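Residues per chain, in single letters:
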Amino acid sequence: MPLLAVKKVVKDYEGVRALNGVSLQVEKGVIKGLIGPNGAGKSTMFHLISGMEKPTSGNIAFRGVDIAGKEPHEISGLGMGRTFQTVQTWGNMTAVENVMVGMHRKLIGGILSCGLWLPWIKREEKEVLREAFGMLEFLGLSAKWKWPAFQLSYGEQKILEIGRALATGPELILLDEPAAGLTPQEVQALAEKIQQIRERGTTIFVVEHHMGMVMEIADEIAVLNHGELIAEGRPEAIRDDPRVIRAYLKGTVYA
Ligand SMILES: Nc1ncnc2c1ncn2[C@@H]1O[C@H](COP(=O)(O)OP(=O)(O)OP(=O)(O)O)[C@@H](O)[C@H]1O
Ligand SMILES: [Mg+2]
């Protein structure tokens, strides 16, 4: 049984068919890439998988559970984390608090609004702080653990967001363009981090336009074009696939 199985998913927005009968699978333990031109439906696919939006039709199963009608917090509770195409850290919270928010979610199943935050944080503070700090160490951000998130560089904020998504100890993590806006050195560091995250037992599904990184780290790549899956396979095969080259890769430099 694949960890994630998307079957014949359709998503219509007003006047736009963003996904048109897409089926794909993510096996446990892999790094899977999702690529394709702007507007192909990649982020839409992630919104559906994470429960932020509902498919118009089709099925999505995560760990064998039908999740197509479930709310984001239920899906996250089943063991799925995600990051967004635009940075979504809490700017005024410190780096370590941003990760702690992710852990809070895991333990209570709700979010700050439940009002348990303050008493809870006092009770569990030390242990959670230690765990969150450990996550920042893993990500190379521990020297800035007390910095408000808005003072971190763009690249650091993107890494921090990954840390928050990982705080729940997910089985699967969805990363939407983690390399966008990063310097070449940061992209290289990110590629290594993603591989380490996989080694620690989390399966990765990553949307990315940075072809050098995707081709380097992915075990398998799915390609969307105009809401349809046009190819799926190993990076070498995708790179040489005439349909993919025509739709997307023409002129790509694998920096
Ligand atoms: N909320 C929405 N309402 C209407 N149309 C939408 C909405 N969200 C996405 N779309 C449309 O659905 C299509 C797919 O968009 P999506 O954001 O999934 O593309 P993408 O592959 O992530 O592109 P990019 O690489 O630019 O991030 C586009 O035509 C987009 O304009
Ligand atoms: Mg997108």
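All residue numbers here refer to positions counted from 1 along the written sequence of the relevant chain. Chain A is the first chain written and ligand 1 is the first ligand written, with later ones labelled in order. For a predicted model such as this one, the threshold for reporting local features is a pLDDT of at least 70, and the threshold for listing and counting side-chain atom pairs is 80 or more; totals across whole chains, interfaces and linings nevertheless cover every residue.

Help me understand the overall build of the protein chain in this model?
Summing up its helical and strand segments, the protein chain has nine helices and 10 strands in all. Throughout, radius of gyration means the C-alpha value; the globule benchmark is 2.2 Å times the number of residues raised to the power 0.38. Computed over its C-alpha atoms, the radius of gyration of the protein chain comes to 18 Å, within 12% of the 18 Å expected for a compact globule of 255 residues. Each of the three principal axes of the protein chain carries a C-alpha extent, and together these read 55 × 40 × 35 Å. Scored against the burial criterion, the 255 residues of the protein chain give a buried share of 41%. A run of H or I in DSSP counts as a helix once it spans at least four residues, and a run of E counts as a strand once it spans at least two, with each numbered from the N terminus. Put simply, a residue is buried when 20 or more other C-beta atoms lie within 10 Å of its own C-beta and exposed when 12 or fewer do; between those, it is partly exposed, and each C-beta is set from the backbone.

What exactly am I supposed to notice about the site of ligand 1 here?
For each residue, a C-beta position is placed from the backbone atoms; the residue is near a molecule or strand when that point lies within 6 Å of it. Lining the immediate surroundings of ligand 1 are Tyr13, Val16, Ala18, Gly36, Asn38, Gly39, Ala40, Gly41, Lys42, Ser43, Thr44 and Gln85. When residues of the shell around ligand 1 are traced back to their parent elements, those giving at least two are strand E2 (16-26) and helix H1 (42-49). With three residues, H1 is the largest single contributor of residues to the shell around ligand 1. Think of it as three bins: nonpolar holds Ala, Val, Leu, Ile, Met, Phe, Trp, Tyr, Cys and Pro, charged holds Asp, Glu, Lys and Arg, and polar takes everything else, Gly as well. Within the shell around ligand 1, the residues separate by chemical class into four nonpolar, seven polar and one charged.

How do you make sense of H1 when you look at a structure like this?
Side chains that are three or four residues apart share a direction in an α-helix, a result of its 3.6 residues per turn. Most of H1 sits out of view: seven of its eight residues are buried. Within the sequence span of H1, burial applies to Lys42, Thr44, Met45, Phe46, His47, Leu48 and Ile49. Once H1 finishes, Gly51 follows within two positions and takes phi at roughly 85 degrees, a positive value.

Would you mind showing me how to read the sheet that holds strand E1 (residues 4-13) here?
Sheet strands pair via backbone hydrogen bonds, and the direction of the pair is either parallel or antiparallel. Any two strands are treated as partners once DSSP identifies two or more bridges connecting them. Read across the open sheet, the four strands follow the order E2-E1-E4-E5; overall the sheet is antiparallel. The strands lining the two open edges of the sheet, one partner per strand, are E2 and strand E5 (65-66). The pairing of E1 with E2 spans eight bridges and is classified as antiparallel. Along E2, the bridge assignment pairs Val10 with Asn20.

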